[in-house]
Amino acid sequence: MSCEEMQHKFEAYLDGELTLSDQRSLEEHLAGCNRCNTMYNSLRTLSVSIKNIGYTHAPASLRRNIKRGLKEISGEHADAFHWYHLLGVGGGSAIATAVVVWLVMISTLPSAQTSVTDELVAAHVRSMMVSHLTDVASSDQHTVKPWFNGKLDFAPSVRDLRDRGYPLVGGRLDYVHQQPVAALIYQHRAHVINVFIRRGDTVAQALPPRATHQLGYNLIRWRDAGLDYALVSDLNEKDLQELAGLLAGQPAPKS
Amino acid sequence: MANKKDRQRFERLMLVHHDAAYNLALWLLRDAADAEDIVQTAYMKAFDHFSSFHGGNSAGWMLTIVRNTAYNLLQTKKRNSNLVNFDEALHSGDELCQFSFGSMNPEDTYSAMMTGAQIMDAIERLPVEFREVFFLREIEGYSYQEIAETTQVPKGTVMSRLSRARAQLQKLLVEKNRRKQANVL
Ligand SMILES: [Zn+2]
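Think of each chain on its own: its residues are numbered from 1, step by step along the sequence as written. As a convention, the first chain written is A and the first ligand written is 1, with the rest following in written order. Under the rules for a predicted model, residues below a pLDDT of 70 receive no local features and side-chain atom pairs below 80 are neither given nor counted, while totals for whole chains, interfaces and linings still include all residues. The side-chain figures draw on all heavy atoms in the structure; neither hydrogens nor water molecules are used.

K.L.:
I'd like a description of the overall build of chain A, backed by residues and values.
P.N.:
Secondary structure summary: chain A contains nine helices and seven strands in total. Exposed residues in this analysis have more than 50% of their type's maximum accessible area, buried residues have under 20%, and partly exposed residues fall in between, with area computed by a 1.4 Å probe over protein chains only. A burial count over chain A gives 49% of its 255 residues as buried. Summarising the internal contacts of chain A: among those between residues at least 6 apart in sequence, 54% fall at separations of at least 24. Areas reported here follow the Shrake-Rupley algorithm with a probe of radius 1.4 Å; residue values treat only the protein chains shown as occluding. As displayed, chain A has an accessible area near 11800 Å², and 51% of this comes from carbon and sulfur atoms. Secondary structure elements are taken from DSSP: a helix is a run of H or I of four residues or more, a strand is a run of E of two residues or more, and numbering for both begins at the N terminus. A contact between two residues is defined here by any heavy atoms of the two lying within 4.5 Å.

K.L.:
Help me get a handle on the environment of glutamine 170 of chain B, residues and values and all.
P.N.:
Residue and element names in this part refer to chain B. Take glutamine 170: it is sitting in helix 9 (residues 155-184). By relative accessible area, glutamine 170 is classed as buried at 0%. Sequence separation between glutamine 170 and isoleucine 119 is 51 residues; the distance between their C-alpha atoms is 9.7 Å.

K.L.:
Please provide a residue-by-residue account of the coordination of the zinc ion, values included.
P.N.:
Residue and element names in this part refer to chain A. Those protein atoms acting as donors to the zinc ion are Cys3 (SG), His29 (NE2), Cys33 (SG) and Cys36 (SG), and they sit at 2.1 to 2.3 Å. Here a donor is any nitrogen, oxygen or sulfur atom (N, O, S) within 2.8 Å of the metal, with 3.2 Å used for Na, K and Ca; water is not among the atoms considered, so some sites may look incomplete. Here the metal geometry follows the donor angles, with tetrahedral for four donors whose angles all fall between 85 and 135 degrees, square planar for four and octahedral for six when opposite donors are more than 155 degrees apart and every other angle is between 65 and 115, and irregular for all the rest. Around the zinc ion, the four donor atoms are arranged such that angles at the metal cover 101 to 114 degrees; this shape is classified as tetrahedral. Each donor residue of the zinc ion belongs to the same chain, with the gaps between them written as C-x25-H-x3-C-x2-C. Placement of cysteine 3 in helix 1 (residues 3-7) and of cysteine 33 in the loop between helix 3 (20-32) and helix 4 (34-53) is noted, with a sequence separation of 30 residues between them.

K.L.:
Hey, could you go over the packing of aromatic side chains for me, with residue numbers and the actual values?
P.N.:
To pair, rings of Phe, Tyr and Trp, with the six-membered ring standing in for Trp, must have centres within 6.5 Å; the planes then decide the type, stacked if under 30 degrees apart, edge-to-face if over 60, and tilted in the middle. Following the criterion strictly, the structure yields eleven aromatic pairs over all chains and no others. Seen from their ring centres, tryptophan 147 of chain A and phenylalanine 148 of chain A are 5.1 Å apart, and the 80 degrees between their planes marks the pair as edge-to-face. Relative to tyrosine 43 of chain B, the ring of phenylalanine 10 of chain B has its centre 6.1 Å away and its plane inclined at 85 degrees; by these criteria the two rings are edge-to-face. One end of the pair, phenylalanine 10 of chain B, is in helix 1 (residues 4-14); the other, tyrosine 43 of chain B, is in helix 3 (residues 32-48), and 33 residues separate them in sequence. On the basis of relative accessible area, tyrosine 43 of chain B is assigned to the buried category, the value being 0%. Among the aromatic residues, ring-to-ring pairing joins Phe10, Tyr43, Phe47, Phe50, Phe53 and Trp61 of chain B into one connected group.

K.L.:
Let's hear about the packing of helix 4 of chain A against helix 7 (residues 128-139) of chain B: which residues, and what values?
P.N.:
The description of two packed helices rests on the angle between their axes and on the distance between the axes. Packing of helix 4 of chain A against helix 7 of chain B brings their axes to within 9 Å, and their N-to-C directions diverge by 85 degrees. Taken together, the axes of helix 4 of chain A and helix 7 of chain B lie roughly perpendicular to each other. Taken together, the residues of helix 7 of chain B that come into contact with helix 4 of chain A (itself represented by Ser47, Ile50 and Lys51 of chain A) are Phe134, Glu138 and Ile139 of chain B. Note on method: axes are straight lines fitted to C-alpha atoms, helices fitted across the in-contact stretch only, with angles between N-to-C directions ranging 0 to 180 degrees. Roughly parallel means an angle under 35 degrees; roughly antiparallel, over 145; roughly perpendicular, 65 to 115; everything else is oblique.

K.L.:
Kindly report on the pattern of salt bridges, identifying the contributing residues and their values.
P.N.:
Between Lys or Arg on one side and Asp or Glu on the other, a salt bridge is scored when a side-chain nitrogen of the former is within 4 Å of a carboxyl oxygen of the latter. Summed over all chains, the structure comprises 14 salt bridges over all chains. Among the salt bridges present, the one from arginine 166 of chain B reaches aspartate 15 of chain A, with a minimum N-O distance of 2.8 Å. With arginine 166 of chain B in helix 9 and aspartate 15 of chain A in the loop between helix 2 (10-14) and helix 3, the pair connects residues from two separate chains. Judged by relative accessible area, aspartate 15 of chain A falls into the buried class, the value being 6%. The closest approach of N and O atoms between arginine 199 of chain A and aspartate 153 of chain A, which form a salt bridge, is 3.5 Å. Of this pair, arginine 199 of chain A sits in strand 4 (residues 191-199) while aspartate 153 of chain A is found in the loop between helix 8 (141-147) and strand 2 (168-176), placing the two residues 46 residues apart along the sequence.

K.L.:
So what's going on with the nonpolar core? Which residues, and what values?
P.N.:
Judged by nonpolar contacts, the single largest core of 74 residues is most densely connected at Ile50 of chain A together with Phe10 and Tyr43 of chain B. The element best represented in this core is helix 4 (residues 58-80) of chain B, accounting for ten residues. For the domains described, the bounds stem from an automatic or database domain assignment. When residues are assigned to domains, this core turns out to be shared by domain 1 (4-81) and domain 2 (93-184) of chain B, each giving three or more. Membership of the second largest hydrophobic core comes to 28 residues, among which are Leu152, Leu168, Ala211 and Ile220 of chain A. Among buried residues, the Ala, Val, Leu, Ile, Met, Phe, Trp, Tyr and Cys ones that are joined through side-chain atoms within 4.5 Å form a nonpolar core.

K.L.:
Would you mind going over the packing of helix 2 (residues 18-29) of chain B against helix 3 of chain B in detail, with residue names and values included?
P.N.:
Residues and elements named next belong to chain B. The interhelical angle for the contact between helix 2 and helix 3, taken along N-to-C directions, is 130 degrees, at an axis separation of 8 Å. Comparing the axis directions of helix 2 and helix 3 gives the class oblique. Crossing handedness for the pair helix 2 and helix 3: right-handed. Counted together, His18, Ala21, Tyr22, Ala25, Leu26 and Leu29 of helix 2 and Ala32, Asp34, Ala35, Glu36, Ile38, Val39 and Tyr43 of helix 3 form the full contact between these two elements. Class assignment for the residues of the contact of helix 2 with helix 3 results in ten nonpolar, one polar and two charged. Crossings are classed by handedness, with left-handed meaning an anticlockwise turn of the near helix from the far one by less than a right angle and right-handed meaning a clockwise turn. The nonpolar class holds Ala, Val, Leu, Ile, Met, Phe, Trp, Tyr, Cys and Pro. Asp, Glu, Lys and Arg form the charged class, and all remaining residues, Gly among them, are polar.

K.L.:
Can you lay out unusual backbone geometry for me, pointing to particular residues and giving the numbers?
P.N.:
Residues and elements named next belong to chain B. We note that arginine 30 has phi near 60 degrees; this positive angle belongs to a residue other than glycine. As for its position among the elements, arginine 30 is in the loop between helix 2 and helix 3. Phi is positive for glutamine 152, close to 55 degrees, though the residue is something other than glycine. Here glutamine 152 is to be found in the loop between helix 8 (144-151) and helix 9. Given a relative accessible area of 48%, glutamine 152 falls into the partly exposed group.

K.L.:
Please provide a residue-by-residue account of the confidence of the model for chain A, values included.
P.N.:
Considering every residue of chain A, the mean pLDDT works out to 74; 71% of them sit at 70 or more. This stretch, residues 77-114 of chain A, has a pLDDT under 50; its non-local contacts, to residues over four places away or in other chains, come to 123 contacts. The predictor's confidence in any single residue is recorded as pLDDT, a number from 0 to 100.

K.L.:
Talk me through the pairing of strand 7 (residues 227-233) of chain A; I want residue IDs and the actual numbers.
P.N.:
Residues and elements named next belong to chain A. Taking burial as the measure, the seven residues of strand 7 include seven buried ones, the bulk of the element. Both faces of strand 7 are covered, namely the face carrying Leu227, Tyr229, Leu231 and Ser233 and the face carrying Asp228, Ala230 and Val232. Paired strands, as defined in this entry, are two strands with at least two bridges between them according to DSSP. Looking at chain direction, strand 6 (residues 217-224) and strand 7 are connected through seven bridges and run antiparallel. Bridge pairing in strand 7 places asparagine 218 opposite serine 233. Connecting strand 6 to the antiparallel partner strand 7 that follows it, the hairpin turn spans two residues, and alanine 225 within it adopts a positive phi of roughly 50 degrees.

K.L.:
Let's hear about the pairing of strand 3 (residues 179-188) of chain A: which residues, and what values?
P.N.:
Residues and elements named next belong to chain A. Taken across its ten residues, strand 3 has seven buried, putting it largely inside the fold. The pairing of strand 2 with strand 3 spans eight bridges and is classified as antiparallel. For leucine 168, the partnering residue across the bridge sits in strand 3 and is tyrosine 186.

Quick look at the structure:
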């Protein structure tokens, strides 16, 4: 066999995928051919170097969070987070079907985003646990919107999206980072959706929707017209994107 | 219906793979915070679909969900990004990989003195599909067949991706080495 034919088998040899007879003929060739031997060694060095880079250990928080998340969704009471029972959704079913969508604030500092995200998740869970989902329970946008008058220094726009599959349930005043935020609650099939809106830095430019993940929830956050929004959910991202598109007054992105 | 027993069985089989899952996510996403979020989400998803695991390669099953979840995030980012740099990274592979291993001169072999950081830097410039097969082959030691199952592409595609990844990486390292030598002279 020619050198070129041999060289085509270098990788399969390196990866242990050659038949025994091919392996033997390649080894014989390498022993007698300097050029091929050099080339093969270069390939092997690369492979060894990469293997030596090796593993990064996952942060300890990851394993902890996975275990906690698993207990939550398997309906065990080891943690206080069995909020879907309070909602009457799922009632002991395997999977927490309640969906939380939060439109909240975007932090411009990446390092601050995690803590905002944490606080949003915590705020949501808290609102479920004390059965305090809404301050004003109404599907009428003309009832919910004026309820915020005098409670916030901005007027959040409130739209019922029942005809798009996301009926408005009500509104609530909440606090994130010690700042009052508007919380709008929507529903999608069996899923509850919390929407939080905060006044952002008015001089900051608009930011397009950006998705992140936290404790099994999906979040989508954006900034528009001086207001910060964030969306969090365990619903599939496609549906969340659709809702984000509706709330941002844009067409849903094509999938 | 999931209960404590299901959860414990899931943890016993799948939690041991969380380091591998995290490393794969890190290779694909190149961001520690994103990697952590994605693995968390993937584990919740995996538990939801645990009934579809019928024994066998539990690591491969888990890593498939991790990589699918990571790709979803990359897709979302691509859609939401005005700069679309990821898209370019994805498709630059074809053009960059004109270089093939067989065409390389032995004189071009880079020095074995390349540091881990230099190699990692070169790896980060590979398209995501290349990083994926690379990780599964070199770090996890998967066979071509196992990589094909995990990444849901034909075995031939795995082999060509792996080969192109190696060729491209060698090229990047050779160039780096040449620049280094040029600077010395
Ligand atoms: Zn030869």
